[in-house]
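Topology and contacts: notes
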Amino acid sequence: MTTTAYTNAHFFDGEHEGFTPDSWFTVDNETGRVTASGIGKAPAADATVDFGGQYVMPGMINCHTHMASDPNGYGIRPMGERSETENSFNAQRNLRDAIKGGVTYIRDVGSTYDIDIKMRDMRSKYDFPAPGIAASGRAMSVTGGHSDTHEPRSADFRGAYIVDSPDEMRKAARQAFKNGADQIKVMATGGVMSVGDDPNEIAFTPEELREAVREAHYRFKKVAAHAQGNAGIQVALEAGVDSIEHGIYMDEKQADFMIEHHVYLVPTLNAVEAIVADQTDRLPAHMYRKARAFSEAFYDNMRMAVRKHVPIATGTDAGTPFNDFKSGYWSELDLMVNRIGATTQETLFAATKNGADLIGISDDYGTMTPGKFADFIVMTDSPIEDIHAVQQEDKQVYQHGKRVY
Ligand SMILES: [Zn+2]
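Residues numbered from 1 in each chain as written. Predicted model: local features only at pLDDT ≥ 70, side-chain atom pairs only at ≥ 80, totals over all residues. Heavy atoms only, no water.

**As for the domain arrangement of the chain**
When its domains are assigned, the chain resolves into domain 1 (3-58 + 366-403) and domain 2 (60-359). The C-alpha centroid of domain 2 is placed 30 Å from the C-alpha centroid of domain 1. Listed as interface residues are 25 residues of domain 1 and, on the opposing side, 25 residues of domain 2. Taken together, both faces of the contact between domain 1 and domain 2 bury some 1900 Å²; the carbon and sulfur share is 63%. Applying the counting criterion to the domain 1 and domain 2 interface returns 2 salt bridges. Linking domain 1 with domain 2 are 9 residue pairs in polar contact (both at pLDDT 80 or more). Looking at the side of domain 1 that touches domain 2, the elements that each hand over two or more residues are strand S5 (55-58) and strand S16 (396-399). (Domains from an automatic or database assignment. Contact = heavy atoms within 4.5 Å. Buried area = accessible area lost by both parts, 1.4 Å probe. Salt bridge = Lys/Arg side-chain N within 4 Å of Asp/Glu carboxyl O. Polar contact = N/O pair within 3.5 Å; in protein donor to acceptor, adjacent residues only side chain to side chain. Helix = DSSP H or I, 4+ residues; strand = E, 2+ residues; numbered from the N terminus.)

**Describing the pattern of salt bridges**
This model, assessed by the stated rule, comprises 20 salt bridges. Note that glutamate 211 and arginine 214 form a salt bridge whose closest N and O atoms lie 2.8 Å from each other. Separated by 3 residues within a single helix, glutamate 211 and arginine 214 lie in helix H4 (residues 206-218), roughly one turn from each other. Note on glutamate 211: relative accessible area 7%, which makes it buried. (Buried < 20%, exposed > 50% of the residue type's maximum accessible area, 1.4 Å probe, protein only.)

**With respect to the environment of isoleucine 377**
Examined against the element boundaries, isoleucine 377 turns out to sit in strand S15 (residues 376-379). A C-alpha to C-alpha distance of 35 Å links isoleucine 377 and phenylalanine 257, two positions 120 residues apart in sequence. Discounting chain neighbours no more than four positions away, the residues touching isoleucine 377 are Tyr55, Val56, Met57, Pro58, Gly59, Met60, Gly102, Lys395, Gln396 and Val397.

**Quick notes on the pairing of strand S11 (residues 183-187)**
Consecutive side chains of a regular strand alternate in pointing toward one face of the sheet and then the other. Counting buried residues along S11, 5 of its 5 residues qualify, which places the element largely inside the surrounding structure. Taking every second residue as pointing to the same face, both faces of S11 are buried, with Gln183, Lys185 and Met187 on one and Ile184 and Val186 on the other. The pairing of S11 with strand S12 (residues 222-227) spans 5 bridges and is parallel. Paired with methionine 187 across the strands is histidine 226, a residue of S12. (Pairing = 2+ DSSP bridges.)

**Notes on the packing of aromatic side chains**
Any two aromatic rings considered together are summarised by their centre-to-centre distance and by the angle between their planes. Evaluation of the coordinates by the stated rule reveals 17 aromatic pairs. For the pair tyrosine 6 and phenylalanine 51, a centre-to-centre distance of 5.7 Å together with 10° between the ring planes defines the contact as stacked. Taken together, the positions of tyrosine 6 in strand S1 (residues 3-11) and phenylalanine 51 in the loop between strand S4 (47-50) and S5 put the pair 45 residues apart, joining distant regions of the chain. For the pair tyrosine 6 and phenylalanine 51, one class covers both residues: buried. Measuring from ring centre to ring centre gives 6.4 Å for phenylalanine 294 and phenylalanine 298, while their planes differ by 90°; the resulting arrangement is edge-to-face. Placement of both phenylalanine 294 and phenylalanine 298 in helix H8 (residues 285-308) is noted, with a separation of 4 residues, approximately one turn of the helix. Classification of phenylalanine 298 as buried rests on a relative accessible area of 0%. Ring pairing ties together the aromatic residues Tyr6, Phe11, Phe25, Phe51, Phe376 and Tyr398, which thus form one cluster. Arginine 138 extends its terminal NZ or CZ atom over the ring of tyrosine 161, reaching a point 4.3 Å from the ring centre. (Phe/Tyr/Trp six-rings, centres within 6.5 Å; stacked < 30°, edge-to-face > 60°. Lys NZ or Arg CZ within 6 Å of the ring centre and 35° of its normal.)

**Focus: the coordination of the zinc ion**
For the zinc ion, the full set of protein donor atoms is His64 (NE2), His66 (NE2) and Asp317 (OD), at a range of 2.1 to 2.2 Å. Read N to C, the donor residues that coordinate the zinc ion are spaced as H-x1-H-x250-D. Taken together, the positions of histidine 64 in strand S6 (residues 60-65) and aspartate 317 in the loop between H8 and helix H9 (327-338) put the pair 253 residues apart, joining distant regions of the chain. Of the two residues, histidine 64 and aspartate 317, neither departs from the other in class, the shared state being buried. (Donors = N, O, S within 2.8 Å, 3.2 Å for Na, K, Ca; no water.)

**Looking at the nonpolar core**
By size, the foremost hydrophobic cluster in this structure holds 93 residues, and its most contacted members are Met60, Met67, Met140, Val186, Ile244, Met250 and Leu265. Take this core: its biggest share by element is 10 residues, from H8. Here this core gathers at least three residues from each of two domains, domain 1 (3-58 + 366-403) and domain 2 (60-359). For methionine 250, the residues in contact, after removing those within four places along its chain, are Asn230, Ile233, Ala255, Met258, Leu265, Asn301, Met302, Met304, Ala305 and Val310. (Core = buried A, V, L, I, M, F, W, Y, C linked by side-chain atoms within 4.5 Å.)

Structural data, given as structure tokens:
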């Protein structure tokens, strides 16, 4: 075993609050895992890297992405006409953006053609810059629902599993796991970007959702529910889903339920903000109309969730319009602090440890305690002092103890 000692850092290990000055940690170069950490003089090692007082924290996690989408391609050509090749190209570019921005793990919650599963598997064969990937493959949608595109589509387009009964859900969930999904994504309500539905509409019946949850939990896997309207959030919670994505109209009772049952909220603030703030007018009118109609209520409800300490994991919905994998993530952290009132410390936990807990990878990721992979970022300023510190373009990024940027 050869080791590298990283010394002279302000160190947030993801477990304990704040950045501890004059810290060191050691990494086993073969396994890429942290072996020890401490304060003051580091133990002897085969190599030493002196960080000169910079700020080191675990690599960040994005729990809600769509890697096959092009965040700047909306309003140009219908999604359903894009080939698998084109979407795979998007994915590779998005993955590079993510890791460059300091995101070392993502949970993809819906990719056309199962591209997220394929990218995850290719990552272990070919060397290209990418975060770790927990893949869902295609999402589950009802006929006419959030992922059943109304746009023109090519004959071989595969966007989602279209599911209209408990039996079909059971079959689709089993197929998704057979194809290699790490978790299941269900579109439990309507949404913003789709044409024919509304965020307040309930999509799946309780029986259909329970079938997805049962199939996932039988395999020790999880279900992420796109759930925006209040009634649809309720149906999803009662079915036993593991996370509420977006949660636009969640109420206090639902927040209490989520605390009691450790159900995560993944707010995806930047997905809404990027559309609301856009001035280009390039998107279809229904997207602006829907996003602007609920954004204030959304932020109010997210403030309520932060105040009550609902478990929150950071996710951005990266791939939605003007919401890229790098600066979109940075904006999400900014919105957490400056729009919905999370402390910078709470925000950093949501971006690291909580994300790993939600994905189910806490044995390996999310903190820098001994035994975990040495996935970390190095910044010149403290994101506890000012969350904008994460936006540093030339920050260093390490995966499994190797510097990638
Ligand atoms: Zn999404």
